[in-house]
Amino acid sequence: MGSILQYIPGNSLIHRMNPVTKIFLTVIICVAAFITNNFYYLLALLVIDLLIGVLAGVVSRTWSIFRGLLKVAIFLFILQALLTRRGTPVCWIITDVGLKPAGMVVLRLVVVCMPLALVLAVTRISDLTNAMVEVLHVPYKYAFTLATAIRFIPKFLEDMNGIMEAQTARGVAFDQARGLKKFSMLLPLTAPLLISSVRQTDQTAVAAEVRGFELRKRTSSYKHYGFQALDACALVICALILTAAILIH
């Protein structure tokens, strides 16, 4: 997860887009995925997600995200198919009526989550925060909270791995445990992780106050984010995606 959320430098078309345009494109894809009930249109949105990763030059990251989401999607597909009792049985207790909703659920999940992860891969968190404040007029404290939460996720995972390695050195066999047993072994580790998280949060708050967090305004950023022809083309594509979703629905 930490590597997935890490920014990848580049000079691709997606990298050069305004951060607000990237956010808007992501929101439009998510809205279109929830509006439509057409399976083939969701597949088209998935192709658009993959195309964004290719244009951004982050093919390996795109494949990692897709592979991780696919594991969750398969689990949800099986669970959804088993819980549906209506229709004609196809395999064991799985019915034909259950297969279609299950496929729609997992495909919608992948379509919605992929652009969110790709935006973080091709956009600096600082640019994302400053653009939200300057262009969207979001209060800086809310934008800072969002950026800090994203930055802390890899840090928390790193701390968790460090705690697990320390416990493994003391003879705790995490690699041999499976399922509920591994979950029960990980549960006691949440206490030191929580204590460490609270300590880091307090240190971050103190550092922000010392650097004049309350004095930050919308015009305080030295970097400005203008809209270019590339952003206009992206907005046109967003309009086409949303229009197609509405018409197909």
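Residues numbered from 1 in each chain as written. Predicted model: local features only at pLDDT ≥ 70, side-chain atom pairs only at ≥ 80, totals over all residues. Heavy atoms only, no water.

Draft legend 1. The arrangement of the overall build of the protein in detail. Each helix and strand in the protein was counted, giving ten helices and two strands. Starting at the N terminus and walking to the C terminus, you meet the elements of the protein as α-α-α-α-β-β-α-α-α-α-α-α. For the protein, the proportion of its 249 residues judged to be buried stands at 37%. Considering only contacts in the protein between residues 6 or more positions apart, those separated by 24 or more positions represent 73%. Of the roughly 15000 Å² of accessible surface on the protein, 68% is carried by carbon and sulfur atoms. (Helix = DSSP H or I, 4+ residues; strand = E, 2+ residues; numbered from the N terminus. Buried < 20%, exposed > 50% of the residue type's maximum accessible area, 1.4 Å probe, protein only. Contact = heavy atoms within 4.5 Å. Areas by Shrake-Rupley, 256 points an atom, 1.4 Å probe, with all protein chains shown as cover.)

Draft legend 2. Representation of the packing of helix H2 (residues 19-35) against helix H10 (residues 229-248). Running from N to C, H2 and H10 cross one another at 10 degrees; their axes reach a closest spacing of 9 Å. When the interaxial angle is binned, H2 and H10 end up roughly parallel. Taken together, the residues of H10 that come into contact with H2 (itself represented by Thr21, Phe24, Leu25, Ile28, Ile29, Val31, Ala32 and Ile35) are Asp231, Ala234, Leu235, Cys238, Ile241, Leu242, Ala245 and Ile246. Looking at the contact of H2 with H10 residue by residue, the classes come out as 14 nonpolar, one polar and one charged. (Axes fitted to C-alpha atoms, helices over the stretch in contact; angles between N-to-C directions. Parallel < 35°, antiparallel > 145°, perpendicular 65-115°, else oblique. Nonpolar A, V, L, I, M, F, W, Y, C, P; charged D, E, K, R; others polar.)

Draft legend 3. Representation of H10. The terminal C-alpha atoms of H10, which comprises 20 residues, lie 29 Å apart, in line with the 28 Å expected from a rise of 1.5 Å per residue. When H10 is considered as a whole, its buried residues turn out to be Asp231, Ala234, Cys238, Ile241 and Ala245. Seen along its axis, H10 keeps its buried residues to an arc of 75 degrees; they face one direction. Along H10, the residues that are exposed and aim more than 90 degrees away from the buried face are Ala229, Leu240 and Leu247. (Expected span 1.5 Å × (residues − 1). Arc of directions from axis to C-beta.)

Draft legend 4. Highlighting the side chain of His15. Residue position: His15 is located in helix H1 (residues 13-16). Here the side chain of His15 touches Ile8 through a polar contact of 2.8 Å, landing on its backbone oxygen. If we ignore the near neighbours within four places in the chain, the residues touching His15 are Tyr7, Ile8, Pro9, Gly10, Lys22, Ala56 and Val122. (Polar contact = N/O pair within 3.5 Å; in protein donor to acceptor, adjacent residues only side chain to side chain.)

Draft legend 5. Representation of the pattern of salt bridges in the model. Per the counting criterion, the structure on display carries one salt bridge. In this structure, Arg124 and Asp127 form a salt bridge, with 3.9 Å as the shortest nitrogen-oxygen distance. We classify Arg124 as partly exposed; its relative accessible area is 40%. For Asp127, a relative accessible area of 11% gives the class buried. (Salt bridge = Lys/Arg side-chain N within 4 Å of Asp/Glu carboxyl O.)

Draft legend 6. Representation of the nonpolar core. Counting residues in hydrophobic clusters, the biggest one holds 33 residues, and the most contacted among them are Leu45, Leu46, Val110, Val111, Met114 and Ile241. Considering every element that reaches this core, the biggest residue donor is helix H5 (residues 96-122), with ten residues. When near neighbours in sequence (up to four residues on either side) are disregarded, Met114 contacts Leu46, Asp49, Leu50, Thr62, Ile65, Phe66 and Leu69. Residues Leu120, Ile125, Met132 and Phe213 belong to the second largest nonpolar core, which totals eleven residues. (Core = buried A, V, L, I, M, F, W, Y, C linked by side-chain atoms within 4.5 Å.)

Draft legend 7. Structural context of a nonpolar patch on the surface. Residues Leu13, Leu51, Val54, Leu55 and Val59 make up a contiguous nonpolar surface patch of roughly 430 Å² in combined accessible area. The biggest single contributor to the nonpolar patch is helix H3 (residues 39-55), with three residues. When you line up the elements, Val54 lands in helix H3. (Patch = residues over 30% accessible without salt bridge, like charges linked within 9 Å, V, L, I, M, F, W, Y side chains within 5 Å.)

Draft legend 8. Region of interest: the packing of H3 against H10. Taken N-terminus to C-terminus, the directions of H3 and H10 make an angle of 165 degrees; their axes are 11 Å apart at the nearest point. As far as their axial angle goes, H10 and H3 are roughly antiparallel. Seen along the crossing, H3 lies across H10 with a hand that is left-handed. Listed contacts from H10 to Tyr41, Leu45 and Ile48 of H3 are Ile241, Ala244, Ala245 and Ile248. Within the contact of H3 with H10, the residues separate by chemical class into seven nonpolar, no polar and no charged. (Left-handed = near helix turned anticlockwise from the far one by under 90°.)

Draft legend 9. Focus on the environment of Ile29. Tracing the backbone shows Ile29 in helix H2. Taking the C-alpha atoms as reference points, Ile29 and Ala245, separated by 216 residues in sequence, lie 9.5 Å from one another. Dropping the residues within four chain positions of it, Ile29 is found in contact with Leu45, Ile48, Asp49, Ile52, Val111, Pro115 and Ile241.

Draft legend 10. Just helix H9 (residues 190-210), in detail. Counted at 1.5 Å a residue, the expected span for H9 with its 21 residues is 30 Å, and the 30 Å between its end C-alpha atoms agrees. Buried residues of H9: Leu193, Ser196, Ser197, Gln200 and Ala208, and no others. Seen along its axis, H9 keeps its buried residues to an arc of 110 degrees; they face one direction. More than 90 degrees from the buried face of H9, the exposed residues found are Leu194, Ile195, Val198 and Val210. Within two residues after H9, Gly212 carries a phi angle of roughly 75 degrees, on the positive side.

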